[in-house]
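Topology and contacts: notes
Single-letter residue listing:
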Number of protein chains: 2
Amino acid sequence: MTTIDELRTIHDFTCDIARKSGEYLRNDQIRRRSVALGTREKLNAVDLVTDADTTVEKLIHDAVAQRFPEHDFIGEESYSAGEEKRFLLKDSPTWIVDPIDGTVNMVHMFPMTAISIGFCINSIPTVGVVFAPFLGGQGTLYSAIYHPEGGAWMSEFGSDGPRTPLPLVSPPPPLPTDAPKGCLFFGEWGKDRRDSPQSNLTKKSTNFINMATELGGRGGKGGMVHGLRSLGSSTMDMVYIASGQGDIMFEAGCWEWDVCAGIAILLQTGGIVVDSNPPDGLAPDAPIPMANIGGRRYLAIRGCSTNEQGQSPRVQQERLVREVWRRTERLNYERPI
Amino acid sequence: MTTIDELRTIHDFTCDIARKSGEYLRNDQIRRRSVALGTREKLNAVDLVTDADTTVEKLIHDAVAQRFPEHDFIGEESYSAGEEKRFLLKDSPTWIVDPIDGTVNMVHMFPMTAISIGFCINSIPTVGVVFAPFLGGQGTLYSAIYHPEGGAWMSEFGSDGPRTPLPLVSPPPPLPTDAPKGCLFFGEWGKDRRDSPQSNLTKKSTNFINMATELGGRGGKGGMVHGLRSLGSSTMDMVYIASGQGDIMFEAGCWEWDVCAGIAILLQTGGIVVDSNPPDGLAPDAPIPMANIGGRRYLAIRGCSTNEQGQSPRVQQERLVREVWRRTERLNYERPI
């Protein structure tokens, strides 16, 4: 059993190490501005990895190992280098870390890049820290402790500056009654660029256009969302939903380290995250289970308040989940076995 | 004839008024966090306008009219309210202002919102200031004087803080030899959501998937860009290209006030902007003319250096323009007559 005081200690430690990692990345970018960029390619030239990725993961891993030697640790870089590809999360206290989410952005110096550090207990994201070191002069840090006495915050003025509680609007407004109309929708094109009728790229494109099209269009699938956003970072997509700066995140193909920290923030602000593919055999009125953290498919809906019709947040959120499912095709992302 | 000293005065005045406008918007957002949001709808619920739009345009207009009473002024809000819909830019010194670009984002508090203030001489964007008040604690300000003795800068530490020269990497790297492969591509879904085979929405969707698909895919149109980004602000798209934080902006449907300031920055950093539809009858080896500032269709390519094959920046940029044209369908945006 971890107490709220212990969680606060973990939270503050995590914020500190995220900021230190961000400082490393900012200095690294200043170096890169004057030196030719050396990168090596992973998957069909889209997924670039820089040395910074490895360095930052080691920085975070070593700090955690020294402070919490009894905790487990899952990092993107060490996972990718290892042979074991199954879902590794157990119920023991476990850190799930993406040293750099949005590496393509970082290569191009587009600021939607984040360090994502999540801490799970009983497989539930419980502390989450997301630091975007290039968003503003001091970077932007989102964090949360998922606990009745916890909290969620945004910090854009450095480690000593004031923090803004999340969600930004509190209590958060109800979802639009005709959602997804009126919603800000976040999704990514991803790395799988194969051209075939059943490819993920083709299906994602169909999903995006369905969500964008006027009501009644696309054979009734038109969702008329307020806007579609693609940032190139599923970590940032998730924190924007968690903060109430967006309404819907629909993303498949990413991994638990991309979303774990963001999910802790989302849960604390009253949001939900489910499988972006409707579970087989789920009855139309059955409660919708939470996403498998390692399932690679995530549909997140922001927190909200009871609406004028007296519908609870959960009722509104599950209705919106079904409206999104109805307008989207199932994506072919599974975990390697 | 405007001297460089006069342009510097105009630049500093513009930065100051942009920051003041941004402060107003930040305070306005803090108010909105606790009060129900009142908005009225313009075009099919996507284009929300808040009172802040009108207030900020008046703030900028009044400051300009007091300081430079002899200059002309074109603002989004006053244009929309007026009856004259033709292209208004003349050769006289003219301010072109969008008080808030990314109003949908602002309504949702997603930080890709910008105040865009451009100043034209002889119809050429000559001073440009773009301030994103919600990007970081002090906001992020991009600005330029397009002049041999001018410059371009990013400022993320407030009005007294240091400025970073643009482009961020200087000299900027050559374009990838197989561009658009390897490029970061920015484009927007826009407000026109009609569902038909020839609608702008359908064509934009086709363009996006063509740019994303693997080389050889989509009947040879696959562009295999490094990533597709949609921010919901053509102003921000343009400044990211101008800064070298992206490579290609392909956007149609926006207006001169959305891009004028960004174009001044783009030109100063060596970028080009052309019509996103290929001009009728343009020979395959003819020089490509600059976009009509009021033409509502913009294809921008970042600045670059001579490459290893000895190709000049302009040769690389025009080659990339033709590669993008080849992969995209003509969009149906014209100016009202």
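Residues numbered from 1 in each chain as written. Chains lettered and ligands numbered in written order. Predicted model: local features only at pLDDT ≥ 70, side-chain atom pairs only at ≥ 80, totals over all residues. Heavy atoms only, no water.

Applicable threshold: UniProt positions are given in the numbering used here, feature names are shortened, and annotations may be inferred rather than shown by experiment.
As annotated in an unreviewed UniProt entry, chain A carries the name Inositol-1-monophosphatase and comes from Cylindrobasidium torrendii FP15055 ss-10. Under the Sequence similarities (unreviewed entry) heading, UniProt states for chain A: "Belongs to the inositol monophosphatase superfamily."

Looking at the UniProt feature "binding site: Mg(2+)" (unreviewed entry) in chain A
Residue and element names in this part refer to chain A. The condition that has to hold: Numbered from the N terminus, helices here are DSSP runs of H or I no shorter than four residues, and strands are runs of E no shorter than two. Throughout this description, buried means an accessible area under 20% of the type-specific maximum (1.4 Å probe, protein chains only), exposed means over 50%, and partly exposed covers the range between. Two residues qualify as a contact provided that any one of their heavy atoms is within 4.5 Å of a heavy atom in the partner residue.
UniProt tags E76, D98, I100, D101 and D258 as "binding site: Mg(2+)" (unreviewed entry). Spatial clustering of the annotated residues is evident: they stretch over 183 residues in sequence, but the largest pairwise C-alpha distance comes to 9.5 Å. With respect to the secondary-structure elements, E76 resides in helix α3 (residues 76-81). Residue position: D98 is located in strand β4 (residues 94-101). Here D98 falls in the buried class, since its relative accessible area comes to 1%. In this view, D98 contacts E76, A114, I115, S116, W257 and D258; residues no more than four positions away in its chain are not counted.

Things to note about the interface of chain B and chain A
Put simply, the rule reads: Simply put, the buried area is the total loss of 1.4 Å probe accessible area from both parts when two parts are fitted together. The salt bridge definition used is simple: a Lys or Arg side-chain nitrogen within 4 Å of an Asp or Glu carboxyl oxygen.
Contact residues are listed per partner, giving 58 residues for chain B and 58 residues for chain A. Here chain B packs against chain A, burying approximately 4800 Å² in sum over the two surfaces, 58% of which is carbon and sulfur. Of all residues in chain B, H108, R193 and H226 of chain B give up the largest surface area on contact with chain A, accounting jointly for 15% of the area buried on that side. Linking chain B with chain A are two salt bridges.

With respect to the sheet that holds strand β3 (residues 72-75) of chain A
Residue and element names in this part refer to chain A. This is how it is decided: The pairing criterion for strands is at least two bridges between them, as found by DSSP. Geometry is summarised by axes, namely lines fitted to C-alpha atoms with helices restricted to the contacting stretch, and by angles between N-to-C directions that run from 0 to 180 degrees.
The strand order across the open sheet formed by seven strands is β3-β4-β5-β6-β7-β8-β9, and the pairing between neighbours is mixed. The open sheet terminates on both sides in strands that have one partner only, identified here as β3 and β9 (163-165). Shown here is a sheet whose adjacent strand axes are inclined to one another by a mean of 20°, direction ignored. Relative to strand β7 (residues 140-145), strand β6 (residues 124-132) is paired through six bridges, and the arrangement is antiparallel. For V129, the partnering residue across the bridge sits in β7 and is S143. Contacts from helix α6 (residues 234-242) reach β4, β5 (114-121), β6 and β7 within the one sheet, and its direction differs from that of β6 by about 110°. Against the sheet, helix α7 (residues 256-268) contacts β3, β4, β5, β6, β7 and β8 (151-155), and its axis sits at roughly 105° relative to β6.

Description of the sheet that holds strand β9 (residues 164-165) of chain B
Residue and element names in this part refer to chain B. As summarised here, the arrangement of the seven strands in space is β3-β4-β5-β6-β7-β8-β9, forming an open sheet in which the pairing is mixed. Each having just a single partner strand, β3 (72-75) and β9 make up the two edges of the open sheet. Taken together, the four bridges between β3 and strand β4 (residues 94-101) define a ladder with parallel strand orientation. Across the sheet, the residue bridging to F73 is W95, located in β4. The strands touched by helix α6 (residues 234-242) within the sheet are β4, β5 (114-121), β6 (124-132) and β7 (140-145), with β6 carrying the most contacts at an inclination of about 110°. Packing against the sheet, helix α7 (residues 256-268) makes contact with β3, β4, β5, β6, β7 and β8 (151-155), and its axis sits at approximately 105° to β6.

Some details on the relation of the copies chain B and chain A
Defined as follows: The fit set for superposing copies consists of C-alpha atoms from residues with pLDDT of at least 70 in both; the fit itself is least squares.
Placing chain B over chain A gives an RMSD of 0.0 Å and needs a rotation angle of 180°, together with 0.0 Å of translation along the axis. Classification of the inter-copy transformation places it as that of a two-fold axis. Relative to the rotation axis, the closest C-alpha in chain B is found at G136 of chain B, a distance of 1.8 Å. Taken together, the interface assignments show that 100% of the residues at the interface of chain B recur at the interface of chain A, consistent with an identical surface on both copies.

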